[in-house]
Amino acid sequence: MRAGRRRCDITLIAVTKVFPAEVIREAYVEGVRHFGENYVQEFEAKFPVVADLPEAEFHLIGHLQSNKAKRAAELFHVIETVDSLKLARRISDAGRKLPVMIEVKLSGEGSKSGVEPDQVPQLVEELHDIPNIELTGLMTMPPWSEDAEVSRPYFRRLRELAGQVGLHDLSMGMSHDLETAIEEGATHVRVGTALFGPRKKA
Ligand SMILES: *Cc1c(COP(=O)(O)O)cnc(C)c1O
């Protein structure tokens, strides 16, 4: 690959929010195994249609409220948006060992959720002691721009931060900036529009 990365080091997460559950099944037939959903309730409704796909792994990539944490832990295989100790405890309470990532807020105008970068080391420490929580990496969403180069410093910052706290996984990059993210070390890219076309506004 152009960025000098091996294909097997990068996980493509097909983002299926807003699309019906059949879209997940169709993508699975095409070989997709990782799927991203933003809302617990939306995925809960789709789940009966996709529950029998043996190798599918569902990632929660949207903000998670504590009161939905238990349900999320039952439905998803990976929760990428942990942003507090309280939330991690609620996830743990579901009693199922789960890989999670910390969502980091790298800019004021980007996603409204996430942990401030200077609070990441402390949260990493705290999560070590929580049973059932297997912290694998960091996730971020830069402020949206048509120009993928605008995302680059945010991706770089996330990689540096992960290095500081000894975490491997970097979930960063969407349809418009996934190549930049891969150049900057993404291990997971979350791609919706480029795979499934534009989403209808809810
Ligand atoms: C919707 C969404 C994506 C996918 O965005 P596209 O531009 O459609 O590729 C990725 N990550 C998160 C957190 C999202 O909410």
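The coordinates are above.
As the structure is a prediction and not an experimental result, all values here were calculated from the model. (Residues numbered from 1 in each chain as written. Predicted model: local features only at pLDDT ≥ 70, side-chain atom pairs only at ≥ 80, totals over all residues. Heavy atoms only, no water.)

1. What to know about the packing of aromatic side chains
One pair of aromatic rings is described through two measures. These are the centre distance and the angle between the planes.
Then, in step 1: As enumerated under the stated definition, the model contains 5 aromatic pairs in all.
Then, in step 2: Geometrically, the ring pair formed by F19 and F196 is tilted, given 5.7 Å between the ring centres and 50° between the ring planes. In this pair, F19 is assigned in the loop between β1 (11-15) and α1 (21-29) and F196 in helix α8 (residues 193-196), connecting sequence segments 177 residues apart.
Then, in step 3: A centroid spacing of 5.7 Å and a plane angle of 70° characterise the contact between F43 and F47, whose relative ring orientation is edge-to-face. (Phe/Tyr/Trp six-rings, centres within 6.5 Å; stacked < 30°, edge-to-face > 60°. Helix = DSSP H or I, 4+ residues; strand = E, 2+ residues; numbered from the N terminus.)

2. Considerations on helix α4 (residues 85-93)
Then, in step 1: When α4 is considered as a whole, its buried residues turn out to be L85, L87, A88, I91 and S92. End-on, the buried residues of α4 take up no more than an arc of 160°, which puts them together on one face.
Then, in step 2: If you follow the buried residues of α4, they end up packed against α3 (69-75), β4 (78-82), β5 (98-104), α5 (120-128) and β6 (133-140).
Then, in step 3: Downstream of α4 by one or two residues, G95 has phi in the positive range, about 80°. (Buried < 20%, exposed > 50% of the residue type's maximum accessible area, 1.4 Å probe, protein only. Arc of directions from axis to C-beta. Contact = heavy atoms within 4.5 Å.)

3. Description of the site of the ligand
Then, in step 1: Neighbouring the ligand are 13 residues, the closest being K17, N38, S175, T193 and R199.
Then, in step 2: Residue N38 places a side-chain N or O atom 2.7 Å away from an oxygen atom belonging to the ligand.
Then, in step 3: One of the side-chain nitrogen or oxygen atoms of R199 is found 2.7 Å away from an oxygen atom of the ligand.
Then, in step 4: Protein burial of the ligand: of its 390 Å² of free accessible surface, 93% is covered by the chains.
Then, in step 5: Looking at the shell around the ligand residue by residue, the classes come out as 6 nonpolar, 4 polar and 3 charged. (Near = heavy atom within 4 Å. Polar contact = N/O pair within 3.5 Å; in protein donor to acceptor, adjacent residues only side chain to side chain. Areas by Shrake-Rupley, 256 points an atom, 1.4 Å probe, with all protein chains shown as cover. Nonpolar A, V, L, I, M, F, W, Y, C, P; charged D, E, K, R; others polar.)

Nothing here speaks to function; it is all geometry.
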